[in-house]
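# Fold and geometry: a report
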Amino acid sequence: MNATQDSDECACGMPRWLLATALAYKGVHGPLAVAVCILGSVANCLNLVVLRELRAAPVNRILSWLAMVDVVVMLLYLPFAYEVYIDPERQWRSYLPGWAVFLLLHMQLAQVLHTASVLLTLLLATWRCLTLAQLTPGRGAGRRTADSDTALTVALIGCLALAVVLCVPSFLCFTLTQRSSDEWPHTRHLITLSELAQRDGGALYHFHFWFNGCVLKLLPCLLLSALSLCLVRALLKAHQHSQKLLTTPENFPMIQIRLSGEENSSRGKRISQRTDRTTRMLVAVTLLFLATELPQAVLGVLSGMKGPCFFQTCYQVLGEMLDLLALFNGAVNFLLYCAMSRQFRATFCHLFLPWFEPPEAVPPPGTTAVQAPVPSEVNSTVV
């Protein structure tokens, strides 16, 4: 039984079927990654244009920063994917010092941008939770103020600054090295561990894996899951409060028109559908984020536990698949917004598909359109 189990696993415990799948995928990763980068860059540029047309609500600003980070990530990965996986003369790249510099900068900058994307996602969930918490009964209308705009600006810049600080261990671990051999026609320029990372038995190198897996990957997954649960609860409370307002005419002393029972039912149904769309969008974003980050978190922690052997034989083998997951996570947001945000769809059609723009909603004959306060629409976010 033990012999059979050993034959089904590679040196560091990866099942052979997964190893075969990763090696087979590596052959198509280049063209697929290039296609995702091109389509994702276009999609995120569309996100920026549409979000700019909408009101400058805090959520829209955070989504805009996320789109900008994703665009830079994909534009940075595009030449890397072509040169490493597609270019027929890629085997000669290691002899060019400029290429080695590009690889090192690409590796470090991609880490910073990915960390910034994670922090911005956490900021998005946190800000939305705080906004909905302010809309509970007896806590005011939750309107935007100059102070909140300033706080958001500081938070956005702080996410980028914190991303750089959190990536300092990675900066210290790797460096460029020149190596020569009789088997090579020229001196090769390679990315290797720095002297600092090799001291004390590679203590900094191992700390880098633990820090990357636990702090930069696993912890954000746990925090975002908790924030999403809190957000869903806040949305449900806001929905219940809206239903109570709509079914109690005494809550509108300034409105002299008494809404009919049919209109109340229709308005309550629309609010319920809007709340459901918001909840589905948050769940989709959370699941997509977890599907992208959790495998990297687990592999990062295992790399810290098992050392360089696991990193070289497992983590690096799965690197292309993990890269595609991260690229897909940044490219699919446009589809999520279009599928789950009516306001985003309407603005997109108005800007790019005016002939397909849906007609404005017209109140049924004999009724008066009275706009009741809807907590989930404060500041006109895209959701």
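Relevant structure appears above.
In this text the structure is predicted, and so the values were computed from the model without any measurement.

Let's shift gears to the overall build of the chain. The helix and strand inventory of the chain stands at 13 helices and two strands. Per-residue burial for the chain yields a buried fraction of 45% across its 383 residues. For the chain, the share of sequence-separated contacts (at least 6 apart) that also reach a separation of at least 24 residues comes to 77%. A total accessible area of about 20700 Å² is found for the chain, and carbon and sulfur atoms account for 65% of it.

On to the packing of helix α2 (residues 16-53) against helix α12 (residues 333-340), then. Packing of α2 against α12 leaves a shortest axis separation of 8 Å and a crossing angle of 50 degrees. Judged on the interaxial angle alone, α12 and α2 are oblique. The segment α2 lies against α12, with Ala43, Leu46 and Asn47 engaging Asn333, Phe334 and Tyr337. Of the residues in the contact of α2 with α12, the class split is four nonpolar, two polar and no charged.

The next point concerns the environment of Cys314. Structurally, the position occupied by Cys314 is in helix α10 (residues 308-315). In the structure, Cys314 is positioned eleven residues away from Ser303 in sequence and 8.8 Å away in space, judged by C-alpha atoms.

A few words now on the pattern of salt bridges. Scanning all chains against the criterion turns up one salt bridge. Between Glu293 and Lys217 there is a salt bridge, with its nearest N and O atoms 3.6 Å apart. Placement of the pair is Glu293 in helix α9 (residues 261-306) and Lys217 in helix α8 (residues 203-246), with a sequence separation of 76 residues. For the pair Glu293 and Lys217, one class covers both residues: buried.

For the pair helix α3 (residues 58-86) and helix α11 (residues 319-331), the least separation of the axes is 10 Å and the interaxial angle reads 145 degrees. Regarding α3 and α11, the two cross each other, and that crossing is left-handed. Together, Asp70, Val73, Met74, Tyr77 and Tyr85 of α3 and Glu320, Asp323, Leu327, Gly330 and Ala331 of α11 make up the contact between the two elements. Here the residues of the contact of α3 with α11 are counted per class, giving six nonpolar, one polar and three charged.

Let us now look at the packing of aromatic side chains. Taken as a whole and assessed by the stated rule, the structure comprises nine aromatic pairs. The interplanar angle of 70 degrees and the centroid separation of 6.0 Å between the aromatic rings of Phe334 and Phe344 together place this pair among those described as edge-to-face. Here Phe334, found in helix α12, pairs with Phe344, found in helix α13 (residues 342-352); they are ten residues apart in sequence, far enough to count as distant. An identical accessibility class is assigned to Phe334 and Phe344; each is buried. Measuring from centroid to centroid gives 5.2 Å for Phe348 and Phe352, while their planes differ by 40 degrees, and the two rings are tilted.

You can see Leu103 is positioned in helix α4 (residues 97-133). Expressed as a C-alpha distance, the spacing of Leu103 and Leu176, which sit 73 residues apart in the sequence, is 9.7 Å. Sequence-distant contacts of Leu103, that is, excluding residues within four places in its chain, are made with Phe80 and Ile191.

This next bit is on the nonpolar core. Counting residues in each nonpolar core, the largest one holds 31 residues, and the members touching the most others are Ile62, Leu63, Leu120, Leu123, Phe334 and Phe344. When residues of this core are traced back to their parent elements, those giving at least two are α2, α3, α4, α5 (146-166), α8, α12 and α13. Residue contributions to this core peak at eight residues, all from α4. Within the second largest apolar cluster, 18 residues are counted, among which are Met14, Phe174, Phe209 and Leu299.

Together, Val164, Val168, Phe171, Leu172 and Leu196 make up an exposed nonpolar region whose accessible area comes to about 360 Å². With three residues, helix α6 (residues 168-173) is the single largest residue contributor to the nonpolar patch. With respect to the helices and strands, the residue Val168 is situated in helix α6.

Quick notes on the rules
Residues numbered from 1 in each chain as written. Predicted model: local features only at pLDDT ≥ 70, side-chain atom pairs only at ≥ 80, totals over all residues. Heavy atoms only, no water. Helix = DSSP H or I, 4+ residues; strand = E, 2+ residues; numbered from the N terminus. Buried < 20%, exposed > 50% of the residue type's maximum accessible area, 1.4 Å probe, protein only. Contact = heavy atoms within 4.5 Å. Areas by Shrake-Rupley, 256 points an atom, 1.4 Å probe, with all protein chains shown as cover. Axes fitted to C-alpha atoms, helices over the stretch in contact; angles between N-to-C directions. Parallel < 35°, antiparallel > 145°, perpendicular 65-115°, else oblique. Nonpolar A, V, L, I, M, F, W, Y, C, P; charged D, E, K, R; others polar. Salt bridge = Lys/Arg side-chain N within 4 Å of Asp/Glu carboxyl O. Left-handed = near helix turned anticlockwise from the far one by under 90°. Phe/Tyr/Trp six-rings, centres within 6.5 Å; stacked < 30°, edge-to-face > 60°. Core = buried A, V, L, I, M, F, W, Y, C linked by side-chain atoms within 4.5 Å. Patch = residues over 30% accessible without salt bridge, like charges linked within 9 Å, V, L, I, M, F, W, Y side chains within 5 Å.

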